[in-house]
Amino acid sequence: MIEPEEFLKFLKERRSIRTYLDKMISDKELEMILEAGRWSPSASNKQPWEFLVIKNKEILKKISKKAFYGIHIKRAPLAIAIVGKIKENPNYYIQDTSFVSMNMMLMAWSLGIGTCWIGALERDAVKEMLGLDKNDNLLTVLPMGYIKGNIPIPTLRKKLSQISREV
Ligand SMILES: Cc1cc2nc3c(=O)[nH]c(=O)nc-3n(C[C@H](O)[C@H](O)[C@H](O)COP(=O)(O)O)c2cc1C
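As the structure is a computational prediction, the values presented were derived from the model and not from experiment.

Conventions we followed
- Residues numbered from 1 in each chain as written.
- Predicted model: local features only at pLDDT ≥ 70, side-chain atom pairs only at ≥ 80, totals over all residues.
- Heavy atoms only, no water.
- 1 Å grid on protein atoms, 1.4 Å probe; cavity = no way out; pocket = protein on both sides within 12 Å on 5 of 7 lines; lining within 4 Å.
- Points joined across faces, edges and corners; volume = space filled by probe spheres on them.
- Nonpolar A, V, L, I, M, F, W, Y, C, P; charged D, E, K, R; others polar.
- Pairing = 2+ DSSP bridges.
- Helix = DSSP H or I, 4+ residues; strand = E, 2+ residues; numbered from the N terminus.
- Axes fitted to C-alpha atoms, helices over the stretch in contact; angles between N-to-C directions.
- Contact = heavy atoms within 4.5 Å.
- Patch = residues over 30% accessible without salt bridge, like charges linked within 9 Å, V, L, I, M, F, W, Y side chains within 5 Å.
- Areas by Shrake-Rupley, 256 points an atom, 1.4 Å probe, with all protein chains shown as cover.
- Salt bridge = Lys/Arg side-chain N within 4 Å of Asp/Glu carboxyl O.
- Lys, Arg positive; Asp, Glu negative; His and termini not counted.
- Charge placed at Lys NZ, Arg CZ, Asp CG, Glu CD.
- Left-handed = near helix turned anticlockwise from the far one by under 90°.

Draft legend 1. Just the layout of surface pockets, in detail. Space inside the largest pocket adds up to approximately 390 Å³. Leu11, Lys12, Arg15, Arg157 and Lys158 are the residues nearest the centre of the largest pocket, which is lined by 13 residues in total. Residue composition of the lining of the largest pocket, by class: six nonpolar, one polar and six charged.

Pasting the structure below:
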């Protein structure tokens, strides 16, 4: 087990990273990130997901153009598309795949690899590029790479007193 104070510090220190070194992530590290995704919780343990590893620079560039704020996709040596198989868990595929993305981001962070969730994406266009089934949900494309430059200063968080209460 991880020491709890250390773990909380680790969670607080993770940042979204948008600049990456021009260096491929090692196979071992990539496998660990994928494994972290594989071990995510899912409703009824359905595991309704598929992970696409994208290293092709042309594809990364094309996806980047389909993201409103995702120029960093083309700066990354690779990205992982997290796909939810809607039919396999129709009521929970979004929650299930969201946990996957968090597990992957945290695993990556522990390896010194930065990631950034991409939300505003022309999903239908990207799904077509990736040859995905129309009935699958493209949750996100997570660009990742070794961190280039300084780690951004922590983004602000609401105070606990604003967001938690006893009932
Ligand atoms: C659902 C979701 C969508 C996001 N979309 C984008 C995005 O399209 N582009 C981007 O650069 N960052 C995106 N982010 C990253 C957030 O801006 C970032 O997590 C937030 O500002 C907090 O910063 P931190 O991750 O460094 O703590 C997204 C995050 C989430 C959870």
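What follows continues from the structure just given.
Draft legend 2. The sheet that holds strand β4 (residues 136–146), seen in detail. Read from one edge to the other, the open sheet built from four strands follows the order β1-β2-β4-β3, with strand pairing classed as antiparallel. The open sheet terminates on both sides in strands that have one partner only, identified here as β1 (49–54) and β3 (113–115). Geometrically, the sheet is characterised by an average inter-axis angle of 25° between neighbouring strands, direction not taken into account. Packed onto the sheet, helix α2 (residues 27–38) meets β1, β2 (78–85), β3 and β4 and runs at close to 160° relative to β1. Against the sheet, helix α3 (residues 57–65) contacts β1, β2 and β4, and its axis sits at roughly 115° relative to β1.

Draft legend 3. Just a positive patch on the surface, in detail. Judged by side-chain charge, Lys62, Lys65, Lys74, Arg75 and Lys148 come together as a positively charged surface patch. Those elements that place two or more of their residues in the positive patch are α3 and α4 (71–75).

Draft legend 4. Inspection of the packing of α2 against helix α5 (residues 93–110) at higher detail. Contact geometry of α2 with α5 gives a least axis separation of 8 Å together with a crossing angle of 145°. Remark: the crossing between α2 and α5 carries right-handed chirality. Counted together, Met32, Ile33, Leu34, Ala36 and Gly37 of α2 and Val100, Asn103, Met104, Met107 and Ala108 of α5 form the full contact between these two elements. Of the residues contributing to the contact of α2 with α5, the split by class is eight nonpolar, two polar and no charged.

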